[in-house]
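# Architecture and fold: a report
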Amino acid sequence: MSSVTLTTGDDVAASGVLIAAALHLKARGEPLWPESSLTPERLARYYPPAGWRVAWRGDVALACLCLLDADPLFWPEDAPQEALYLHKLAVHPDTRGQGLSALLLQEAALETARRGRPWLKLDTATGRPKLRALYENFGFQNVGERTVKGFDVTLYRLPV
């Protein structure tokens, strides 16, 4: 996938990928995120621009994710510097099936290791078996479930 480049900090491009993915999932009857929560302004409330990673081919944004230094909502018992926390992994519907999720997960794991954190952690909706399988096939370990703000989530971690 040599024609793909990665950038940091492009929350506007990430928003575009997220909205396209959310609309696609909603059309398939599998809603994940309300589009109104994915505007750059709304995302900035919870996800600092520096956390965004966007995969590009030329000037087209293909996929994104956000890495956080802490995640007290889903991982309240974690010590500082224990992990990086992955959120909002999305692939634009026009570029599905090209290995972009794996590419971004690999980059997130590499960055976690470069920053000296032993774990890359994430949460995902418990009722999304395909997404859970993606993480498990990549090597993430299921470490439990919890309910956060009325949503059932499964917690995963990857040693790096």
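Here, every reference points to the structure presented above.
Everything numeric in this text was worked out from a predicted model, so none of it was measured.

Broken down by element type, the protein carries four helices and seven strands. Reading the helices (α) and strands (β) of the protein from amino to carboxyl end gives β-α-α-β-β-β-α-β-α-β-β. The C-alpha radius of gyration computed for the protein amounts to 15 Å, which stays within 12% of the reference 15 Å derived for 160 residues, consistent with globular compactness. With respect to the three principal axes, the spread of C-alpha positions in the protein is 40 × 35 × 30 Å. The proportion of buried residues among the 160 residues of the protein is 45%. A fraction of 64% describes how many contacts in the protein between residues 6 or more apart in sequence connect residues 24 or more apart. Counting 18 positive and 18 negative side-chain charges, the protein places the centres of these two groups 2 Å from one another.

The subject of this paragraph is the nonpolar core. Generally speaking, a soluble globular protein has its nonpolar side chains buried in company with each other. With 26 residues, the main nonpolar core has Leu18, Trp52, Val54, Cys64 and Ala90 as its most contacted residues. Sorting the residues of this core by element identifies α1 (11-27), β2 (52-57), β3 (60-68), β4 (83-91) and β7 (151-159) as the ones contributing at least two each. The element contributing the most residues to this core is α1, with six residues. Judged by nonpolar contacts, the second largest core, of 22 residues, contains Leu103, Ala108, Leu120 and Leu122.

What follows covers the packing of aromatic side chains. Evaluation of the coordinates by the stated rule reveals six aromatic pairs. Their ring planes at 65° and their centres at 6.4 Å tell us that tyrosine 46 and tyrosine 47 sit as a pair that is edge-to-face. A connected cluster of aromatic rings, assembled from ring pairs, spans Tyr135, Phe138, Phe140 and Tyr156. Arginine 157 extends its terminal NZ or CZ atom over the ring of tryptophan 119, reaching a point 4.0 Å from the ring centre.

Parameters and conventions
- Counting restarts for each chain, with residues numbered from 1 along the sequence as it is written.
- Reporting in this predicted model follows two pLDDT cut-offs: at least 70 for local features of residues, and 80 or more for side-chain atom pairs to be given and counted; totals over whole chains, interfaces and linings ignore these cut-offs and use all residues.
- With hydrogens and water stripped out, all remaining heavy atoms of the structure feed into the side-chain values.
- The secondary structure listing takes helices from DSSP runs of H or I that are at least 4 residues long and strands from runs of E that are at least 2 residues long, numbered from the N terminus.
- Each radius of gyration reported is based on C-alpha atoms, and the globular scaling rule is 2.2 Å times the count of residues to the power 0.38.
- Only protein chains enter the area calculation, which uses a 1.4 Å probe; residues under 20% of their type maximum are buried, those over 50% are exposed, and those in between are partly exposed.
- Contact definition: two residues touch when any of their heavy atoms are within 4.5 Å.
- A positive count includes Lys and Arg, and a negative count includes Asp and Glu. His and the chain ends are not counted in either.
- In plain terms, the charge of a residue is placed at NZ if it is Lys, CZ if Arg, CG if Asp and CD if Glu.
- Side-chain atoms within 4.5 Å link the members of a nonpolar core, which is a set of buried Ala, Val, Leu, Ile, Met, Phe, Trp, Tyr and Cys residues.
- Pairing of aromatic side chains requires ring centres within 6.5 Å, counting the rings of Phe and Tyr and the six-membered ring of Trp. Pairs whose planes differ by under 30 degrees are stacked, by over 60 edge-to-face, and all others tilted.
- For a lysine, the NZ atom is tested; for an arginine, the CZ atom; a charge sits over a ring if that atom is within 6 Å of the ring centre and within 35 degrees of the ring normal.

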